[in-house]
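Letter by letter, the chains look like this.
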Amino acid sequence: MQEILLNLKGQAPNANMKLFLLPNSDEVSPSRKRPLVLIMPGGGFNFISFRESEPIALKMLSLGYHAAILDYALTPSPFPAQLLQAMQAVAHLRHNADKYFIDENKIALMGFSAGGHVAGSLGVFWSKPFYSKQLGLTAEDVKPNALILGYPVLTSGPFAHEGSIRTLAGKGSDRLMLSLELQVDSDTPPTFLFHTVGDSVVPVENSLLFAKQLKLYRVPFEMHLFQEGGHGLSLANAEVYDKDNPMIGLPFENWVKLFDAWFKRL
């Protein structure tokens, strides 16, 4: 595995991105291009969660995907700072697809909790040139090919995670614009959603409302709701919890296999 730390400098606020690349083998396929999963961890825009960072990246590598982690802007940076950073990250990966042996048509965004809003924002705004033009990029440069959203912050309405939305809104942003289910259209990429029914931090309605709009616009999607567990479960295994934690071994951990099967069908 090759690990590269990149500092993305440009017209977006500077952001770090850690890139994890699987090697090619002359014995198997020296020029193989792999899908890449760009991970946006959660943390309520106050910190970057360890549970949803490198453990997730390593799991993606084990499935045969390249992985990257975006260290996006935290409080007090309001929207669209994080969206612009995500755009710049995708454009860098796509422009360097040959160098990194990435399949430029299989760049997926994986967002957890607050990071789900970063990923979801790019999913609904990539085709709106107002944002990409601020970076001197085209819509095709920043287009995500899939969204994977785990217990995501998506709505700014009655089921909002208020702390995240307040950070994003700052003093001037329109809260309605931050309600991503209202921004879904036919350009939104195929989406995989997973959530726990009893999530008391980011209500499951965030995923349900988004899925309803995906269906309305006939965007391919798959959603899995798990009865057991709360918020922020990540992999729900011993890599992200101490050995005696009751979160280990919940059915929620099956989202990984379900996602992998779904993504390979795209």
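Residues numbered from 1 in each chain as written. Predicted model: local features only at pLDDT ≥ 70, side-chain atom pairs only at ≥ 80, totals over all residues. Heavy atoms only, no water.

Quick word on the overall build of the protein chain
Thought 1: Across its full length, the protein chain carries nine helices and eight strands.
Thought 2: A globule of 266 residues ought to have a C-alpha radius of gyration of about 18 Å, and the protein chain, at 17 Å, matches this closely.
Thought 3: Taking all 266 residues of the protein chain together, 55% fall into the buried category.
Thought 4: Contacts in the protein chain between residues at least 24 apart in sequence constitute 73% of all its contacts with a sequence separation of at least 6.
Thought 5: Accessible area for the protein chain stands at about 11300 Å²; split by element, carbon and sulfur atoms hold 53% of it.
Thought 6: The distance from the centre of the 23 positive side-chain charges to the centre of the 25 negative ones in the protein chain is 4 Å. (Helix = DSSP H or I, 4+ residues; strand = E, 2+ residues; numbered from the N terminus. Rg over C-alpha atoms; globule rule 2.2 N^0.38 Å. Buried < 20%, exposed > 50% of the residue type's maximum accessible area, 1.4 Å probe, protein only. Contact = heavy atoms within 4.5 Å. Areas by Shrake-Rupley, 256 points an atom, 1.4 Å probe, with all protein chains shown as cover. Lys, Arg positive; Asp, Glu negative; His and termini not counted. Charge placed at Lys NZ, Arg CZ, Asp CG, Glu CD.)

A word on the packing of aromatic side chains
Thought 1: This model, assessed by the stated rule, comprises 21 aromatic pairs.
Thought 2: When the centroid spacing of 5.7 Å and the interplanar angle of 50° are considered together, the rings of phenylalanine 194 and phenylalanine 252 count as tilted. Within this pair, whereas phenylalanine 194 is found in strand β7 (residues 191-196), its partner phenylalanine 252 is found in the loop between β8 (221-226) and α9 (255-265), the two being separated by 58 residues in sequence. You'll find phenylalanine 194 and phenylalanine 252 in the same group, each marked buried.
Thought 3: A centroid spacing of 6.4 Å and a plane angle of 25° characterise the contact between tryptophan 262 and phenylalanine 263, whose relative ring orientation is stacked. (Phe/Tyr/Trp six-rings, centres within 6.5 Å; stacked < 30°, edge-to-face > 60°.)

Focus on helix α4 (residues 114-125)
Thought 1: For α4, which comprises twelve residues, the first-to-last C-alpha distance of 17 Å matches the rise-based estimate of 16 Å (1.5 Å per residue) to within 8%.
Thought 2: Across the twelve residues of α4, twelve count as buried, placing the element largely inside the fold.
Thought 3: The complete set of buried residues in α4 reads Ala114, Gly115, Gly116, His117, Val118, Ala119, Gly120, Ser121, Leu122, Gly123, Val124 and Phe125. (Expected span 1.5 Å × (residues − 1).)

Remarks on helix α1 (residues 54-62)
Thought 1: Considered for burial, the residues of α1 that qualify are Pro55, Ile56, Ala57, Met60 and Leu61.
Thought 2: In this structure, the buried residues of α1 make contact with β2 (15-21), β3 (34-40), β4 (66-71), β5 (102-112) and α9.
Thought 3: Once α1 ends, the next one or two residues include glycine 64, with phi positive near 95°.

A few points about the pairing of β2
Thought 1: The element β2 is largely enclosed, with a buried count of five among its seven residues.
Thought 2: Bridging between strand β1 (residues 2-8) and β2 involves seven bridges; their strand directions are antiparallel. Within the sheet, the bridge partner assigned to leucine 8 lies in β2 and is alanine 15.
Thought 3: Bridge analysis of β2 against β4 gives five bridges, and the strand direction is antiparallel. Residue pairing for β4: leucine 19 is matched across the bridge by alanine 68. (Pairing = 2+ DSSP bridges.)

Observations regarding unusual backbone geometry
Thought 1: Cis rather than trans, the peptide bond between threonine 75 and proline 76 has omega equal to 10°.
Thought 2: Topologically, proline 76 is positioned in the loop between β4 and α2 (81-95).
Thought 3: Residue proline 80 is bonded to the preceding phenylalanine 79 through a cis peptide linkage, with omega at 10°.
Thought 4: Counting through the fold element by element, proline 80 comes out in the loop between β4 and α2.
Thought 5: At phenylalanine 45, a residue that is not glycine, the phi angle is positive and equals roughly 65°.
Thought 6: Position of phenylalanine 45 among the secondary structure elements: in the loop between β3 and α1.
Thought 7: On the accessibility criterion, phenylalanine 45 (0% relative accessible area) is buried.
Thought 8: For serine 113, which is not glycine, the phi dihedral falls at a positive 50°.

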